[in-house]
There are 2 protein chains.
Amino acid sequence: MMKEVALAIACGIACTAANAGDTLVEQVRQWRSEHEPALVRQLSEFAAIPSVAEDATGLDAMAHRLQAELSQRGFQAQLLQGGPGVPALVYGEFNAPGAKRTVVFYAHYDGQPVNRAEWEADPFAPVLRGAPNPKAPPVDPGNLRPPFNPEWRLFGRAVSDDKSSITAFLAAFDALKALGRAPSVNIKVFWEGEEELGSPHLADLLRRNRSLLTADLWLIGDGPMHQSRRPTLYFGARGMIGVKATVYGPLRPLHSGHYGNWVPNPAYQAAELVMDLRAPDGSIRVPGFDRDVRPLTTAERESIAALPPVEPSLKREFGIAQGEGSDGLTASTMRPALNVVGLQAGGPGRAIPATAEVSLDFRLVPDQTPERVRERVEKRLQDLGWTVLQAEPDEATRSSKSKLVKLDWGPGYPGYRADMTQPASRAVLATAQRAAAGPVAVLPMMGGSVPIYLFTQILDVPVIGLPIANHDNNQHAANENARLQNLWDGIETYSAMLGELNW
Amino acid sequence: MMKEVALAIACGIACTAANAGDTLVEQVRQWRSEHEPALVRQLSEFAAIPSVAEDATGLDAMAHRLQAELSQRGFQAQLLQGGPGVPALVYGEFNAPGAKRTVVFYAHYDGQPVNRAEWEADPFAPVLRGAPNPKAPPVDPGNLRPPFNPEWRLFGRAVSDDKSSITAFLAAFDALKALGRAPSVNIKVFWEGEEELGSPHLADLLRRNRSLLTADLWLIGDGPMHQSRRPTLYFGARGMIGVKATVYGPLRPLHSGHYGNWVPNPAYQAAELVMDLRAPDGSIRVPGFDRDVRPLTTAERESIAALPPVEPSLKREFGIAQGEGSDGLTASTMRPALNVVGLQAGGPGRAIPATAEVSLDFRLVPDQTPERVRERVEKRLQDLGWTVLQAEPDEATRSSKSKLVKLDWGPGYPGYRADMTQPASRAVLATAQRAAAGPVAVLPMMGGSVPIYLFTQILDVPVIGLPIANHDNNQHAANENARLQNLWDGIETYSAMLGELNW
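Residues numbered from 1 in each chain as written. Chains lettered and ligands numbered in written order. Predicted model: local features only at pLDDT ≥ 70, side-chain atom pairs only at ≥ 80, totals over all residues. Heavy atoms only, no water.

Let's hear about the overall build of chain A: which residues, and what values?
Within chain A, the regular secondary structure consists of 16 helices and 21 strands. Taking 23 Å as the expected radius of gyration for a compact globule of 503 residues, we find that chain A reaches 25 Å, a close match to that expectation. By principal-axis analysis of the C-alpha atoms, chain A measures approximately 85 × 50 × 50 Å. Residues classed as buried in chain A amount to 61% of the 503 residues present. Look at the contacts in chain A between residues 6 or more apart in sequence, and 77% of them connect residues 24 or more apart. Looking at chain A as shown, the accessible area adds up to about 18300 Å², and 51% of this sits on carbon and sulfur atoms. Averaging the positions of the 49 positive and the 56 negative side-chain charges in chain A gives two centres separated by 3 Å. (Helix = DSSP H or I, 4+ residues; strand = E, 2+ residues; numbered from the N terminus. Rg over C-alpha atoms; globule rule 2.2 N^0.38 Å. Buried < 20%, exposed > 50% of the residue type's maximum accessible area, 1.4 Å probe, protein only. Contact = heavy atoms within 4.5 Å. Areas by Shrake-Rupley, 256 points an atom, 1.4 Å probe, with all protein chains shown as cover. Lys, Arg positive; Asp, Glu negative; His and termini not counted. Charge placed at Lys NZ, Arg CZ, Asp CG, Glu CD.)

The structure is reproduced here in structure tokens:
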């Protein structure tokens, strides 16, 4: 306290000097406290660019903006093109004199699609609010002097998934420069533009740019932190594959009174399909589905056991009475999952609908593959009497087959878990612990998906997750937000990885 | 043929004279053939008035228009008010000199709600088309000379449910007058304005106007004809009750990767709820549900057996491979039904939704009641571990109870089957057969619902259904339509009931 007061008296608000006895992270904290308005403005500007799959112009604008941000900082920056209509990949290099290791910093600059009707405000006009509730009144940072209340949140699409990580990375780089500190590693930046689509062109990009991407480690700035708000590392992530199932009934909606009991009802069959595939405890009713599930190692089990319990507070936060299975959150997300993410059938009238849609989302674990999941799910449905189609059925098919379902599989990828005991893993963990000056939450695998497997499979390099977003950020839903303290903590963590990581 | 040619030569197109040897129905047919443009115009004008529950102004305009139509024809007409916000009931009386029986003609002037996005054209700007396909090019009747092609169809909301019946009734009355024929019965008209809402104020209206409504028979001009297109009588109808079930998950949508397998998913539970209540063969998984089902009589079973088979052609028409159960259409609609008429959960992102909605529609048969159905369904769900709510749960409830479902029950009413052997039944059947000069489709009960039980329960009077709409009219769905031949046949049937019915 005395030191802070003394600094404030000696330097005033614009002071960037730091006490020579401070750690790097303490010096970065001081720098950040003097730059809070500019940092919030930077993140707001990024989030105001509508870089979502349905907006090619927004994606392009974001890619160019990020390239410029890197170039201004002395990076060799370029846009790697994946083909017509594919959002560009933002790539940058910055070599540190004398560094022997090269680290690639990954994040994605695209956001999830938005359903504007569900948002409290325009998802691309970011608003700072005083509380996690999106109905909380806005705060105008232009009228306030820092330090800002660290519980304030900035609301907007992609603000935390992943534009916070990008902002934290750039800020950490700026802080090191302001403090006169050279990076401890050579830096490569890899910012993707179609992660929320399932990264359909990523493998090709990695293969074509293999020599450019030579490195000793990838750090993935995606995903939320542990719910305890401890600094978090994850050593893997579940994979995923989504499928939209369309179930077919009569050619046109029919009066539910005159035909109910005789004409098959696709909305009912959609419910049947869901129950054909999943049990109430979350287990997946597909024979052989778990055959490729790799058991957890002792180190993985121990790291889960060492996590602080978050379930009681999450139950309150989410308003749920209990979890689906009998184990805790992290243990349950080590298993494959089948989520029903959408149901759609019928309209305002009382009719047997012509079609019903079910959107399913499979989360995979090593060593499952999307291809085998797809095969087994289709086999299961066929065994239960479903006719599985790849395209819209014609009238002859509809008139001759019962239980018709069209499956539109999205792109997918497998899950991944790295070796937590390899040298790069130990170095990252030690650096994170030193920066945090306390315990770090170590997850063997994140429940959410990032296409980590590609980096390891194609580039044969260790990959570790370094998330900074608050877990309660409404990621993938309306009213996504970023908590300021998470951004501040993220800047410190990134500065440690840029300035102190070595092995 | 000779007679028709002679008539055409003698009278030209505007001739209303009829051959003295013709039956009443033949004379009415001749009259109709000379008035086709005016009849189509009349129905179009009715259908252009948006008399649907969400449009109070449209309902009011329709009620006043119908009152005026009756007054112009010499009826004592009035609007019976059911209370603030309740659409008026259109009532009219016309006494025939010497008639000993009084018949009430029921229809409803309200239509089902519309989802404009699903319609090929504005549902309240009726369009005549040359085919049942709503994409068929429009036909402009103003440019054509009658006779019109009887397969043409007029598209628009309520055009056949029930505005065709109202048009046919008025036309039959006009035809009798033009032919100089007095009605054989005293006529009362009872045109309701909230049938599609489940007739919530009908009982009260009937009780308050009991003396006004004294009669020997009600004829119900609602519902579709048998699929064979034979003239149709039905001696009852299934009852109904709808319920919207809202299933609750987390307070806000959550990332399906980070939380899938731990946070309960309401979209999944919605599927579970559907399967908790209904088996794939259509049977209802609610203990005691069938306890109140009255067996069919011998006469009822015989009338079903005498129906021409329509299932093969309907399977082609609807594009379905087979019926849900093992019996035919009419036999299957003699049982209670549980229809899933709506499913809604999730949005464009990959999230565990906060809530999911299932709209269910129960069709009831004598002697089931909505009250007992409701009790048994709620008991069933409670027995399976559901917490059944009547109102939105607060956070304390959400945090303490699993499998939360709010049930919003709509208004409902029981089913009804009349005695097919009573004198009024026999007289109506004989009149219909004479008018048709051929077999009539006799249904013990219609699959769809009309609140017949009220008339019998409150007024203690026989009730028989006299539908004229084509079965393939898209009733209760988008692109509702009326086939011209059905309107023409309906005018003949109504003229027989107005001019020849007696017992």
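Here the narrative resumes.
Tell me about helix H14 (residues 423-436) of chain A, residues and numbers included.
All names here are of chain A. Look at H14: 20 Å from first C-alpha to last across 14 residues, which is about the 20 Å you get at 1.5 Å a residue. Within the sequence span of H14, burial applies to Ala424, Ser425, Ala427, Val428, Thr431, Ala432 and Ala435. Considered in projection along H14, the buried side chains sweep an arc of 165° and stay on one side of the axis. Along H14, the residues that are exposed and aim more than 90 degrees away from the buried face are Pro423 and Arg426. Buried-residue contacts for H14 involve helix H2 (24-33), strand E8 (217-220), strand E9 (232-234), strand E20 (463-465) and helix H16 (484-499). Phi turns positive one or two residues past the end of H14, at Ala437, with a value near 50°. (Expected span 1.5 Å × (residues − 1). Arc of directions from axis to C-beta.)

Before we move on, could you go through the relation of the copies chain B and chain A and cite the residues and values that matter?
By a simple turn and slide, chain B fits onto chain A: the slide is 0.0 Å along the axis, the RMSD is 0.0 Å, and the turn is 180°. Both chain copies can therefore be described as sitting about a two-fold axis. Comparing interface residues between copies, 100% of those in chain B also lie at the interface in chain A; the contact surface is shared. (Least-squares fit on C-alpha atoms with pLDDT ≥ 70 in both.)

Let's hear about the packing of aromatic side chains: which residues, and what values?
The final tally for this structure, using the stated rule, is 36 aromatic pairs over all chains. Centre to centre, the rings of A:Phe190 and A:Phe455 are 6.2 Å apart; their planes meet at 85°, and the pair counts as edge-to-face. Of this pair, A:Phe190 sits in strand E7 (residues 186-192) while A:Phe455 sits in helix H15 (residues 452-459), and the two are 265 residues apart along the sequence. Judged on exposure class, the residue A:Phe190 and its partner A:Phe455 are both buried. Ring pairing ties together the aromatic residues A:Phe75, A:Phe94, A:Phe105, A:Phe169, A:Phe173, A:Trp191 and A:Tyr494, which thus form one cluster. Sitting above the plane of the B:Tyr268 ring, A:Arg278 keeps its charged end 4.5 Å from the centroid. (Phe/Tyr/Trp six-rings, centres within 6.5 Å; stacked < 30°, edge-to-face > 60°. Lys NZ or Arg CZ within 6 Å of the ring centre and 35° of its normal.)

Now, about the domain arrangement of chain A: what can you tell me, with residues and values included?
A common way to express how large an interface is: the accessible area buried when the components associate. Residue and element names in this part refer to chain A. Parsing chain A into structural domains produces domain 1 (24-235 + 428-499) and domain 2 (239-296 + 334-413). On a C-alpha basis, the centres of domain 1 and domain 2 stand 35 Å from each other. Taken together, the contact pairs twelve residues of domain 1 with eight residues of domain 2. Between domain 1 and domain 2, a total of about 810 Å² is buried, with carbon and sulfur atoms accounting for 68% of that surface. (Domains from an automatic or database assignment. Buried area = accessible area lost by both parts, 1.4 Å probe.)

Can you tell me about unusual backbone geometry, naming the residues and giving the values?
Note the cis peptide between A:Asp161 and A:Asp162, where omega equals 10°. Summarising the element assignment, A:Asp162 is placed in the loop between strand E6 (153-155) and helix H5 (163-178). That bond from B:Pro366 to B:Asp367 is cis: its omega, 5°, falls within 30 degrees of zero. Considering the arrangement of structural elements, one finds B:Asp367 in the loop between strand E14 (355-364) and helix H12 (370-383). Phi angles above zero are rare outside glycine, and A:Ala437 is one such case at about 50°. Despite not being glycine, B:Asn479 shows a phi value in the positive range, around 60°. The residue B:Asn479 is located in the loop between strand E20 (463-465) and strand E21 (481-483) in this model. Overall, the relative accessible area of 10% leaves B:Asn479 in the buried class.

Any chance you could break down the interface of chain B and chain A for me, citing the residues and the numbers?
Taken together, the contact pairs 92 residues of chain B with 92 residues of chain A. Here chain B is connected to chain A by two salt bridges. A:Arg252 serves as the salt-bridge partner of B:Glu317, at 2.9 Å between the closest nitrogen and oxygen. Counting across the interface, chain B meets chain A through 36 residue pairs in polar contact (both at pLDDT 80 or more). Sort the elements by how many residues they give to the side of chain B that touches chain A and strand E12 (residues 337-345) of chain B lands first, with nine residues. (Salt bridge = Lys/Arg side-chain N within 4 Å of Asp/Glu carboxyl O. Polar contact = N/O pair within 3.5 Å; in protein donor to acceptor, adjacent residues only side chain to side chain.)

Lay out the sheet that holds strand E5 (residues 138-139) of chain A with the relevant residues and their values.
Within a sheet, neighbouring strands are paired by backbone hydrogen bonds and run either parallel or antiparallel to one another. Residues and elements named next belong to chain A. Read across the open sheet, the four strands follow the order E5-E4-E6-E21; overall the sheet is antiparallel. Edge positions in the open sheet fall to E5 and strand E21 (481-483), since each of these has one partner strand only. As paired elements, strand E4 (residues 127-129) and E5 share two bridges and run antiparallel to each other. The partner of Arg129 across the bridge, within E5, is Pro138. This element, H16, spans E4 and E21 of the sheet and lies at about 65° to E21. (Pairing = 2+ DSSP bridges. Axes fitted to C-alpha atoms, helices over the stretch in contact; angles between N-to-C directions.)

Tell me about the nonpolar core, and please be specific about residues and values.
Residue and element names in this part refer to chain A. Phe169, Phe190, Trp191, Leu206, Trp218 and Phe455 are the most contacted members of the largest nonpolar core, which totals 99 residues. When residues of this core are assigned to their parent elements, the largest contribution, nine residues, is made by H5. Excluding anything up to four places from it in sequence, Trp218 contacts Val104, Tyr106, Phe190, Leu206, Leu213, Phe455, Leu459, Val461, Pro462, Val463 and Ile464. (Core = buried A, V, L, I, M, F, W, Y, C linked by side-chain atoms within 4.5 Å.)

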